[in-house]
Amino acid sequence: MTRRRILLLLPLLVTAACGSSGPADADELAARAASIGVEPDVVYAVSLAGFEPASQSAGVMGDAGFGVAYAAPDGRMAMLTTDPRGAADPGCVVAGDQHECVAVHDGVAVRLSAAADAVDEDTLRAAVDGAHAPSADELAALFADAPDGGAPVERGDLPPSGDGAPIDPEGAAG
């Protein structure tokens, strides 16, 4: 290949490389996961055509898992959840108008569920089978609305003991 051809192709290669997102930085993943109270090894992402993570929904699922809703512009939803115990049988099941597919990745059960008319079973199965640790771009999308700082937000109106009901000042109820 001549030097001129290489110089002509170089901008295309650089542009293509800049448009892709590599794996998320481990420290960034750990910090973002800590900001919502989950371990980084339970944070997964899926590729589901037409759907994007609804970052305000990202949070703890169960005792130690992760969950996030994926939404389509037309209102269709799919729910991704993980369970670090991995205690699930891989495969898909249908219950009424809902279906759910499960795959186990590195000991973590990854579950993706949706209404049958929102995502077909083959697409759901392919997405959960391809579940992966988030790339840098996916991490940004998953945690766009998460608090920074590595700790859940302190409310200030919850008592240190008791039933956890907010403390309202006298006469606040009207």
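Everything quoted here is computed from the prediction, not taken from an experiment. (Residues numbered from 1 in each chain as written. Predicted model: local features only at pLDDT ≥ 70, side-chain atom pairs only at ≥ 80, totals over all residues. Heavy atoms only, no water.)

**Here we look at the state of the cysteines**
In total, this model carries one disulfide according to the counting rule given. Paired by a disulfide, cysteine 92 and cysteine 101 hold their sulfur atoms 1.9 Å apart. Note on the cysteine 92 and cysteine 101 pair: the S-S dihedral is about 105°, so by sign convention the disulfide is right-handed. Judged by relative accessible area, which is 1%, cysteine 101 ranks as buried. (Disulfide = S-S within 2.5 Å. Buried < 20%, exposed > 50% of the residue type's maximum accessible area, 1.4 Å probe, protein only.)

**Side note on helix H2 (residues 26–36)**
Buried residues of H2: Leu29, Arg32, Ala33, Ser35 and Ile36, and no others. Here the buried residues of H2 occupy an arc of 155° about the axis, which is enough to place them on one side. In this structure, H2 carries Ala26 and Asp27 as exposed residues pointing more than 90 degrees from its buried face. Here the buried face of H2 lies against strand E1 (52–61), strand E2 (65–71) and helix H4 (136–142). The N-cap of H2, judged by a side-chain oxygen 3.2 Å from the amide nitrogen of aspartate 27 a few residues on, is aspartate 25. Glycine 37 sits one or two residues past H2 and shows a positive phi near 85°. (Helix = DSSP H or I, 4+ residues; strand = E, 2+ residues; numbered from the N terminus. Arc of directions from axis to C-beta. Contact = heavy atoms within 4.5 Å. Polar contact = N/O pair within 3.5 Å; in protein donor to acceptor, adjacent residues only side chain to side chain.)

**With respect to the environment of arginine 32**
Topologically, arginine 32 is positioned in helix H2. With 107 residues separating them in the primary sequence, arginine 32 and leucine 139 have C-alpha atoms 8.2 Å apart.

**Focus on the sheet that holds strand E3 (residues 77–83)**
Pairing in this open sheet of six strands is antiparallel, and the strands run E1-E2-E3-E6-E5-E4 from one edge to the other. The open sheet has two free edges, formed respectively by E1 and strand E4 (91–95), since each of these has just one partner strand. Pairwise comparison of adjacent strand axes, ignoring direction, gives a mean angle of 20° for this sheet. Sheet analysis places E4 next to strand E5 (residues 98–105), joined by five bridges and oriented antiparallel. For alanine 95, the partnering residue across the bridge sits in E5 and is glutamine 98. The strands that helix H3 (residues 121–129) touches are E4, E5 and strand E6 (108–115); relative to E5, the one it contacts most, it runs at about 25°. (Pairing = 2+ DSSP bridges. Axes fitted to C-alpha atoms, helices over the stretch in contact; angles between N-to-C directions.)

**Quick notes on the side chain of serine 113**
Following the sequence through the fold, serine 113 ends up in strand E6. What makes serine 113 buried here is its relative accessible area of 17%. In this structure serine 113 touches Ala78, Met79, Gln98, His99, Glu100 and Leu124, once residues within four positions along its chain are discounted.

**A closer look at the pattern of salt bridges**
What the rule picks out here adds up to five salt bridges. Between glutamate 28 and arginine 32 there is a salt bridge whose closest N-O contact spans 4.0 Å. With glutamate 28 and arginine 32 both in helix H2, this residue pair falls four residues apart, about one helical turn. Residue classification places glutamate 28 among the partly exposed residues on the basis of a relative accessible area of 37%. Here arginine 125 and glutamate 121 are joined by a salt bridge, their closest N and O atoms 2.8 Å apart. With a gap of four residues between them, arginine 125 and glutamate 121 both fall in helix H3, about one helical turn apart. A residue is classified by how much of its surface remains accessible, and glutamate 121, at 30% relative accessible area, is partly exposed. (Salt bridge = Lys/Arg side-chain N within 4 Å of Asp/Glu carboxyl O.)

**Here we look at the nonpolar core**
Phe66, Tyr70 and Leu112 are the most contacted members of the largest nonpolar core, which has 36 residues in total. Of all the elements in the fold, those that place two or more residues in this core are H2, E2, E3, E5, E6, H3 and H4. Per-element accounting of this core gives the leading share, five residues, to E6. Leucine 112 has contacts with Val46, Leu48, Ala78, Met79, Leu80, His99, Glu100, Cys101, Leu124, Ala127 and Val128, leaving out every residue within four places of it along the chain. (Core = buried A, V, L, I, M, F, W, Y, C linked by side-chain atoms within 4.5 Å.)

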